[in-house]
Amino acid sequence: MDSSPSTDLVARVGRLESSIKRNRVLALGVVLIVFATAQASGPAVLSTTYSSPLIVRDASGASATLSSTGLTIVDAAGKERTFVGVDSGGRPSLDQSDASGRLRQSMYLLNDTPEFRQFDSVGKRRLEMSLNSANDGQLLLSDQNEKLRLALFRTASGDPQLALYGSDEKLRADFSTDDVSPHLVMKDATGATRITAGGYKDGSIGMDIRNAADTVLWKAP
Amino acid sequence: MDGLLSDRIARLENVARRERAIAIGLLALLMATGQAPAPTSSGPVIITSSTSSATLDSRGLTVRDHSRELLFAGLDSSGKPSLDLSDSAGRLRESMYLLAGNPILRDFDAAGKRRAEVFLAGDSGNGEFLIFDAAEVRRLALFHGSSGLPEFALYGSDAKVRAYLSTDDGMPYLGMNDNGGATRLVMGAYTGGRAGMDVRDSAGKALWSQPK
């Protein structure tokens, strides 16, 4: 075998040159990856950016998942019990669910208006506090058929009112006031006013009792 | 020939040094800006600043101001979904949670007394709104009564009802009681579907009534 030192050197140098070319290609690839994926470090004391949800689990199987839309808590049985964040409709929301996973309480912005609702064990809305379309506060209680039975609210003219309703959702009593005087009105099932006490529309104050045909049975003064 | 080789080797050595420096720089850049993989952790994740900290564990999120817990959202120590807001002294002031599976929202005063709440009753699922005084005695209530009728009630500091306005599907009625519990004024529905009102003495005897 004819192998001089010079020939060996030439061969080794040739391999070295090839290796450098190969490494250069690899380095360029790394540079591309870095620029494609790198993110600037934040100004906070500690800032970590995750490209997928952060999940914290315990031995029972309960977990908390922090995603780009919020925080979801799942119990050991695998039921979602709490959500805080922006819901699937894009609404800021806090939801609490019972052990069966049924939503029982929710606080959120509905069409950008604040809303708080409580639901019974079969999913019926039974209590609601919110601002209405006029931005007036209201509290509504509904029965098991989701019929409104009691309401605290402001009327269209801005008067505060307490109202009671029958199971047909028709008004039976309202206790309200305007800037002149308060009044209490009681109605029967047909909607006829049977008792009025307080301020009348003409500005006088008094009370009267009527029968179902709207005949005044007694009036004072 | 040896001189030519020597030059080529010298050039290669320079290139190797330069590329090594580039590699180290890239590595440093990756360490500084690279994204962490999506982790699954068995321990809490804690984010701190000089004034507060947030701890995310499998039960939820807790935000503390120094040593005081200010906010908790998640499952409490009893496994109830809960949102708790505490004041700057660390006292619980508002809590929204499921009590025995039923929803409740409570507000507490600075002494820790329950002062207002809305909830659904456990047995019926009926909604209630209650206001309490500083002694935690119920003074005002909006609720469905035992027979499911909507009712507005006012109470004395002895927690006994003084006034109530309610309705069934027929007609509403208003009652006013004295501190002995006797009804002294009634207005609204009477038996038989008629409407009327009366004033009574403390023994329950009608002193005045209409219509005659």
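Since this is a predicted model, take the numbers as computed values, not measurements.

Rules used in this analysis
Residues numbered from 1 in each chain as written. Chains lettered and ligands numbered in written order. Predicted model: local features only at pLDDT ≥ 70, side-chain atom pairs only at ≥ 80, totals over all residues. Helix = DSSP H or I, 4+ residues; strand = E, 2+ residues; numbered from the N terminus. Buried ≥ 20, exposed ≤ 12 C-beta atoms within 10 Å, placed from the backbone. Contact = placed C-beta atoms within 7 Å. Rg over C-alpha atoms; globule rule 2.2 N^0.38 Å. Nonpolar A, V, L, I, M, F, W, Y, C, P; charged D, E, K, R; others polar. Pairing = 2+ DSSP bridges. Domains from an automatic or database assignment.

J.: How should the overall build of chain A be read in this particular structure?
T.: When its secondary structure is counted, chain A shows one helix and 16 strands. Expressed as a percentage of the 221 residues in chain A, the buried residues total 24%. Taking as baseline every contact in chain A between residues at least 6 positions apart, the subset at least 24 positions apart corresponds to 2%.

J.: For this particular structure, what's the right way to read the overall build of chain B?
T.: Helices and strands together make up the secondary structure of chain B, namely one helix and 17 strands. For chain B, the C-alpha radius of gyration of 36 Å lies well beyond 17 Å, the compact-globule estimate for 212 residues. Going through the 212 residues of chain B one by one, you find that 25% of them count as buried. Long-range contacts, defined as pairs at least 24 residues apart, comprise 2% of the intrachain contacts of chain B with a sequence gap of at least 6.

J.: Sorry if this is basic, but what is going on with unusual backbone geometry here?
T.: Of all residues except glycine, most have a negative phi; of all peptide bonds, most are trans. In this structure, Pro221(A) follows Ala220(A) across a cis peptide bond, with omega equal to -5°. Secondary-structure assignment places Pro221(A) in the segment after β16 (216-220). The omega angle of the peptide bond from Gln210(B) to Pro211(B) is -10°, so this bond is cis rather than trans. Looking at where Pro211(B) falls in the secondary structure, it is placed in the segment after β17 (206-210). One non-glycine residue, Asn111(A), adopts positive backbone phi at about 50°. Within the chain, Glu169(A) stands out as a residue other than glycine whose phi angle is a positive 70°.

J.: What exactly am I supposed to notice about the interface of chain A and chain B here?
T.: Frequently, the measure chosen for interface size is the accessible area that the parts lose on association. Counting from both sides, the interface comprises 79 residues of chain A and, opposite them, 70 residues of chain B. Broken down by element, the residue count for the side of chain A that touches chain B peaks at 13 residues, all from helix α1 (residues 5-37) of chain A. The residue inventory of the side of chain A that touches chain B, partitioned by class, reads 44 nonpolar, 19 polar and 16 charged.

J.: I keep staring at the pairing of strand β12 (residues 171-177) of chain A and nothing clicks. Help me out?
T.: Side-chain direction in a regular strand flips from residue to residue, so the side chains alternate between the two faces of the sheet. All names here are of chain A. Where strand β11 (residues 160-165) meets β12, five bridges bridge the pair, whose relative direction is antiparallel. Of the residues in β12, the one forming a bridge with Ala163 is Asp174. Remark: five residues form the turn of the hairpin made by β11 and β12, two consecutive strands paired antiparallel; Glu169 in that turn has positive phi of roughly 70°. Summarising the sheet, β12 and strand β13 (residues 182-187) pair through five bridges and their orientation is antiparallel. Bridging from a neighbouring strand, Thr177 pairs with Pro182 of β13. The antiparallel pairing of β12 with β13 creates a hairpin that spans four residues between the two strands.

J.: Would you mind going over the domain arrangement of chain B with me for this structure?
T.: Considered domain by domain, chain B is made up of domain 1 (46-86) and domain 2 (100-205). Each of domain 1 of chain B and domain 2 of chain B has a C-alpha centre, and the two are 37 Å apart.

J.: Hey, could you run me through the environment of Arg93(B) in this one?
T.: All names here are of chain B. Inspection of the secondary structure puts Arg93 in strand β7 (residues 92-99). Taking the number of C-beta atoms within 10 Å as the measure of exposure, Arg93 has 17 and is therefore partly exposed. Measuring from C-alpha to C-alpha, the distance between Arg93 and Ile104 comes to 14 Å, with 11 residues separating the pair along the chain. Leaving out residues up to four positions away in the same chain, Arg93 has contacts with Leu85, Ser86, Asp87, Asp107 and Phe108.

J.: How should the environment of Leu105(B) be read in this particular structure?
T.: Residue and element names in this part refer to chain B. Residue position: Leu105 is located in strand β8 (residues 102-108). Note on Leu105: 20 C-beta atoms within 10 Å, which makes it buried. In the structure, Leu105 is positioned 63 residues away from Ser42 in sequence and 31 Å away in space, judged by C-alpha atoms. With sequence-adjacent residues up to four places away left out, Leu105 is seen in contact with Met96, Glu117 and Val118.

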